[in-house]
Structure formats: structure tokens, C-alpha cells
Amino acid sequence: MKSTKFKIYELVPVKLYNMVHEDVLWQMFDPRLLETIDTIKEKFSKGTMVINSYKWGGSRGWSGLRTKDSSYYSPTSQHSLGKAIDAVFSMYDVNEIRQYILDNPEEFPHIGGIELNVDWLHIDVRPRVNGKIKTFTA
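The rules behind each value
Residues numbered from 1 in each chain as written. Predicted model: local features only at pLDDT ≥ 70, side-chain atom pairs only at ≥ 80, totals over all residues. Heavy atoms only, no water. Pairing = 2+ DSSP bridges. Helix = DSSP H or I, 4+ residues; strand = E, 2+ residues; numbered from the N terminus. Contact = heavy atoms within 4.5 Å. Axes fitted to C-alpha atoms, helices over the stretch in contact; angles between N-to-C directions. Salt bridge = Lys/Arg side-chain N within 4 Å of Asp/Glu carboxyl O. Buried < 20%, exposed > 50% of the residue type's maximum accessible area, 1.4 Å probe, protein only. Polar contact = N/O pair within 3.5 Å; in protein donor to acceptor, adjacent residues only side chain to side chain. Arc of directions from axis to C-beta.

(A) Representation of the sheet that holds strand β3 (residues 113–115). Judged by pairing direction, the sheet is mixed, and its five strands sit side by side in the order β1-β2-β4-β3-β5 without closing on themselves. Two strands lie at the open edges of the sheet, namely β1 (49–50) and β5 (134–136), each paired on one side alone. Pairing of strand β2 (residues 84–89) with strand β4 (residues 121–124), which is carried by four bridges, proceeds in the antiparallel orientation. Paired with Asp-86 across the bridge in β4 is His-122. Along the sheet, helix α3 (residues 31–43) makes contact with β1, β2 and β4, crossing β4 at roughly 140°. Strands β2, β3, β4 and β5 of the sheet are contacted by helix α4 (residues 94–103), whose axis makes an angle of about 30° with β4.

In C-alpha cells form, the structure reads like this:
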């Protein structure tokens, strides 16, 4: 499965993008994550939703898949498993998006984790506990 709203370079670090064929890179992601980020982009369609921005000179390079090259890497991180992203939005406050997701979990059935108290939207597709989205702080 591929995202319909994002290019693969928006989801993987630059070194991996330059080394591995796109078809292989897409397979590194949980299809539920790809479906979910497309749903979020459709719901919050004004402006941009940025995950990695290195392709156009931005500083974000580890907000999707994380490898051992990243200082943020952890073998148990949802990012390292292809199950998480961090995104920023040009036309929305991330706190409003975060709250919307928590208030309407049925619209985002695959989101199992959401990080609080950060300036970006972290979502992941870990299993829900007792049907609820896990909220956490780093």
C-alpha cells in the first residue's frame, strides 16, 4: 500500500530514500499508518501537513521512519517499526487536531497512541488498550 497524499521522501530519512527503491520503502510502513495519515490530511486539508521536509530544504528528517542513524532512534519506538509519524500543520493548531482525534476516535480507528504537550502531532497505530487511544508525554 502507498499513501495517496504523501510522497515516500516525506516519510523516510534522506539516506534511506537515496539507497532503497521506493517500492521497498513503502513496504516498511504499516498500511494502517498510511491510511491514517491520508485520513488526517483529508480531514485537515487546508494548508500543509508536513512530516519530513528535507526534500525542499527543511529541517525535518526523522519525523517518519527512524533508523539507527537517528539520534532519536529506539528499537522499540513506533517510529522505528513504521507505525508512527510526527507532523506539523501550516493552517491548524496541533492541539486542536489532537483534541479532535481524541474526541472522535471512531474517525481514526487505527490510531492507538497520541503524544501530548508537544508542538507537533505524534500519532501511531499501536493497539488500543480497552478500545481507548493511549495518551502519553515523552
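From this point, things continue past the structure.
(B) Examining the pattern of salt bridges more closely. This structure, assessed with the given rule, holds eight salt bridges. One salt bridge in this structure joins Lys-15 and Asp-69, with 3.5 Å as the shortest N-O distance. Here Asp-69 lies in the loop between β1 and β2 and Lys-15 lies in helix α1 (residues 14–19), a separation of 54 residues in the sequence. Across the salt bridge formed by Arg-66 and Asp-86, the nearest N and O atoms sit 3.0 Å from each other. With a gap of 20 residues between them, Arg-66 in the loop between β1 and β2 and Asp-86 in strand β2 connect regions that are remote in the sequence. With respect to burial, Arg-66 and Asp-86 carry one shared label: buried.

(C) Expanded view of the side chain of Asp-86. When its relative accessible area of 6% is taken as the criterion, Asp-86 is described as buried. Side chain to side chain, Asp-86 and His-122 meet in a polar contact 2.9 Å long. If sequence neighbours within four positions are ignored, Asp-86 has contacts with Val-50, Ile-51, Arg-60, Ser-63, Arg-66, His-79, Trp-120, Leu-121 and His-122.

(D) Representation of the side chain of Ser-53 in the model. Turning to its location among the elements, Ser-53 is positioned in the loop between β1 and β2. The class for Ser-53 is buried, based on a relative accessible area of 6%.

(E) Seen up close, α4. What α4 keeps buried is the set Val-94, Ile-97, Arg-98 and Ile-101. In a view along the axis of α4, the buried residues occupy a sector of 100°, so they form one face of it. Away from the buried face of α4 by more than 90 degrees, exposed residues Glu-96 and Asp-103 are located. Those residues of α4 that are buried lie in contact with α3, β2, β3 and β4.

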